[in-house]
Amino acid sequence: MRISVIGCGYLGAVHAAAMAKLGHDVVGIDVDENKVRQLQNSEAPFFEPGLPELLHEAQAAGSLTFSTDISHVEGSQVHFICVGTPQAKGEYAADLSYVEDAFFKLAKYLNPADVVVGKSTVPVGTAGRLAESLRSLAPEAELIWNPEFLREGHAVNDTLQPDRLVYGAVTSDEENEAVARLDEVYADALLRSVPRIVTDYATAELVKVSANSFLATKISFINAMAEVCEVAGADVKVLADAIGLDERIGRKFLNAGVGFGGGCLPKDIRGFMARAGQLGADEALTFLREVDNINMRRRSRLVELAREVLGGSLIGKRITMLGASFKPDSDDVRDSPALSVAAQLQLQGAAVTVTDPFAINNARKRFPELHYLESTQEALEGAELVVLVTEWAEYVNLDPVTVATKTAARIIIDGRNVLDSASWCDAGWKYRGMGRPALDGRNSQMMASL
Ligand code: UGA
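Residues numbered from 1 in each chain as written. Predicted model: local features only at pLDDT ≥ 70, side-chain atom pairs only at ≥ 80, totals over all residues. Heavy atoms only, no water.

(A) Quick peek at the sheet that holds strand β13 (residues 411-414). Taken in spatial order, the six strands line up as β11-β10-β9-β12-β13-β14 in an open sheet, and their pairing is parallel. Strand pairing shows two members of the sheet lacking a second neighbour, β11 (371-372) and β14 (430-432), which therefore form its edges. The pairing of strand β10 (residues 351-355) with β11 spans two bridges and is classified as parallel. By the bridge assignment, T353 is partnered in β11 with H371. Across the sheet, helix α12 (residues 286-309) lies against β12 (385-388), β13 and β14, angled at about 165° from β13, the strand it touches most. Strands β9 (318-322), β10 and β11 of the sheet are contacted by helix α13 (residues 337-347), whose axis makes an angle of about 160° with β10. (Pairing = 2+ DSSP bridges. Helix = DSSP H or I, 4+ residues; strand = E, 2+ residues; numbered from the N terminus. Contact = heavy atoms within 4.5 Å. Axes fitted to C-alpha atoms, helices over the stretch in contact; angles between N-to-C directions.)

Spelled out as structure tokens, the structure:
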């Protein structure tokens, strides 16, 4: 199948490479010349495990090209729209200008029987509206809305081995040729019996935003429990383990800490609220406002915790932040809790040093006022407080005895509740998790003997 992918960001670049790996002939289009040049050289423009190898393999086989010239989509039979839908400036709603721009530019090059496939996350009603336009621009072409569920850091695997395929189509009957064509694209997954749900446009659009809203709610639920644990002297990590054993609840996405960030969950719940309001169903989603509030409170709580463990003042205190990206295995710093806490600590008088294995360049662009060091060991030098905010494996595996030889004090806040608190306490550290009792050498031994 000849395929075009419009938009080569976190979603599109991976999608293009993965489709080529599946045996299709793919052209990726992006307006950003630098990005296209990097992709042409098999370099990933962002950090995503496995992507450079995939790009290299597909380009060596001659099945993947990239261009800034949208006319190169001509000849492809299936066209994926993978551009971003960020939060619009000054409002909650999603900015659809990139989707519309891509769609109308693409429409000029469509041949009869081509299929346009939307993968971007859009407000419900968008696909119906675009399908209406398509009827006059390219009457024989058809639109399918096929939301993407990949997670950054696992994007290659999630794209090659999806857990479900959702098609929003104008008609779900078996005669739909566009559906049959998309089935050919995803033949590999369908052969492995990956569930495929064909539905109307609105349901497909809602599947995506409701999935992200559910995940955000689950994280904020456990973070709300963390708030209660903090005042009750309880341990949210043990609580999550215990409730997670109930299969109806499940342990995944119940990790309390500094909360969620990134380019998807925060803007998707806000865009969803805005869209429900436009449709007259704002009451249905008022709980998402609270989900957002709980999430934002975690960032303030971490700042307060830092002040508390430093004896009531942040002024002049040297703090090392382990992590800048919004999650490990990604260099994405969009709405990163790590950076927002770092910036707050700095604003309130602390001398903050941020380190991260891959996200420093992106972080520096967003927060040039912060001090960055690439080497973890150098960043730890002289720290009066260490804060783990992104659970990169290299930070989770740090040896507390070695770290203590670098820092000026032995105080650590585990903003993701991932460290082995007992070994840190045994090495003489004062350990604070989030939603967990304060621990030092003495009470850690007491807890262990209980
Ligand atoms: C999210 C969804 O998980 C994907 O299914 C979806 O396709 C994607 O958005 C999207 O809309 O494109 P992603 O943004 O890559 O994926 O990140 P997640 O793995 O969902 O993590 C989001 C945030 O939640 C991170 O900051 C993470 O640290 C935080 N998190 C996650 C927690 O604080 N606790 C948890 O238990 C889990």
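(B) Representation of the domain arrangement of the protein in the model. Split by domain assignment, the protein resolves into domain 1 (2-199) and domain 2 (218-448). Placing the centre of domain 1 and that of domain 2 at their C-alpha centroids yields a distance of 34 Å. Listed per partner, the contact involves 17 residues of domain 1 and 20 residues of domain 2. The contact between domain 1 and domain 2 buries some 1500 Å² in all, and 55% of this surface belongs to carbon and sulfur atoms. When the area that domain 1 buries against domain 2 is broken down by residue, the three leading residues are F47, Y92 and E152, summing to 48%. For the interface between domain 1 and domain 2, the tally reads one salt bridge. Among the ionic pairs, E152 bridges to R334, the shortest N-O distance being 3.2 Å. One can count nine residue pairs in polar contact (both at pLDDT 80 or more) joining domain 1 with domain 2. (Domains from an automatic or database assignment. Buried area = accessible area lost by both parts, 1.4 Å probe. Salt bridge = Lys/Arg side-chain N within 4 Å of Asp/Glu carboxyl O. Polar contact = N/O pair within 3.5 Å; in protein donor to acceptor, adjacent residues only side chain to side chain.)

(C) Fine view of the site of the ligand. Surrounding the ligand, one finds 21 residues, the nearest of these being L150, E152, K208, N212 and F326. Between the ligand and E152 there is a distance of 2.7 Å, counted from an oxygen atom to a backbone nitrogen or oxygen. Here an oxygen atom of the ligand sits 3.2 Å away from a polar atom, N or O, in the side chain of R416. Relative to its free-state accessible area of 720 Å², the ligand is covered by the protein chains to the extent of 91%. (Near = heavy atom within 4 Å. Areas by Shrake-Rupley, 256 points an atom, 1.4 Å probe, with all protein chains shown as cover.)

(D) Just helix α5 (residues 126-137), in detail. Its 12 residues give α5 an end-to-end C-alpha distance of 16 Å, which sits within 8% of 16 Å, the value for a rise of 1.5 Å per residue. Listing the buried residues of α5 in full gives T126, A127, L130, A131 and L134. In an axial view of α5, the angular spread of the buried residues amounts to 125°, which keeps them on one side of the axis. Those residues of α5 that are exposed and angled more than 90 degrees off the buried face are E132 and S136. For α5, the secondary structure elements touched by its buried residues are α4 (97-107), β5 (115-118), β6 (142-145) and α9 (201-232). (Expected span 1.5 Å × (residues − 1). Buried < 20%, exposed > 50% of the residue type's maximum accessible area, 1.4 Å probe, protein only. Arc of directions from axis to C-beta.)

(E) Summary view of the packing of aromatic side chains. Taken as a whole and judged by the stated rule, the model has eight aromatic pairs. Between F47 and W392 the ring centres are 6.1 Å apart and the planes differ by 45°, which places this aromatic pair in the tilted class. In this pair, F47 sits in the loop between α2 (33-40) and α3 (51-60) while W392 sits in the loop between β12 and α16 (393-396), placing the two residues 345 residues apart along the sequence. By relative accessible area, W392 is classed as buried at 5%. Seen from their ring centres, Y167 and Y186 are 6.4 Å apart, and the 35° between their planes marks the pair as tilted. On the criterion of sequence distance, the pair formed by Y167 in strand β7 (residues 165-168) and Y186 in the loop between α7 (177-185) and α8 (187-191) is long-range, its members being 19 residues apart. Y167 gets classed as buried once you look at its relative accessible area, which sits at 0%. Three or more aromatic residues link up through ring pairs in this structure, and these residues are F47, F358 and W392. (Phe/Tyr/Trp six-rings, centres within 6.5 Å; stacked < 30°, edge-to-face > 60°.)

(F) Local environment of the side chain of S325. With respect to the helices, strands and loops of the structure, S325 is situated in the loop between β9 and α13. In this structure the side chain of S325 is engaged in a polar contact, spanning 3.4 Å, whose partner is the side chain of W392. Beyond its immediate sequence surroundings of up to four residues, S325 is in contact with S330, D331, D332, V333, S336, A338, D356, A359, T390 and W392.

(G) Here's a closer look at the pairing of β9. Where burial is concerned, most of β9 is hidden: four out of the five residues are buried. In this sheet, β10 lies alongside β9 in parallel orientation, the contact comprising five bridges. The residue of β10 that forms the bridge with R318 is A351. Taken together, β9, α13 and β10 constitute a β-α-β crossover, and its handedness is right-handed. For β9 and β12, the ladder comprises four bridges, and the chain directions are parallel. Opposite L322, over in β12, you have L388 as the bridge partner. (Right-handed = clockwise from strand over helix to strand, strands pointing away.)

(H) Structural context of α2. Regarding α2, its N-cap is D32, as a side-chain oxygen of that residue lies 3.0 Å from the backbone nitrogen of N34 further along. Looking one or two residues past α2, S42 carries a phi angle of roughly 60°, positive in sign.

(I) The arrangement of the environment of Q377 in detail. Topologically, Q377 is positioned in helix α15 (residues 376-380). Once the C-alpha coordinates of Q377 and E43 are considered, the two residues, 334 residues apart in sequence, prove to be 28 Å apart. Residues contacting Q377, with those up to four places away along its chain left out, are L398 and K406.

(J) Expanded view of the pattern of salt bridges. Summed over the entire model, instances satisfying the criterion amount to 27 salt bridges. Between R248 and D246 there is a salt bridge, and its shortest N-O distance comes to 2.8 Å. A residue is classified by how much of its surface remains accessible, and D246, at 26% relative accessible area, is partly exposed. Residue E308 pairs with R301 through a salt bridge whose shortest N-O separation is 3.5 Å. Overall, the relative accessible area of 44% leaves E308 in the partly exposed class.

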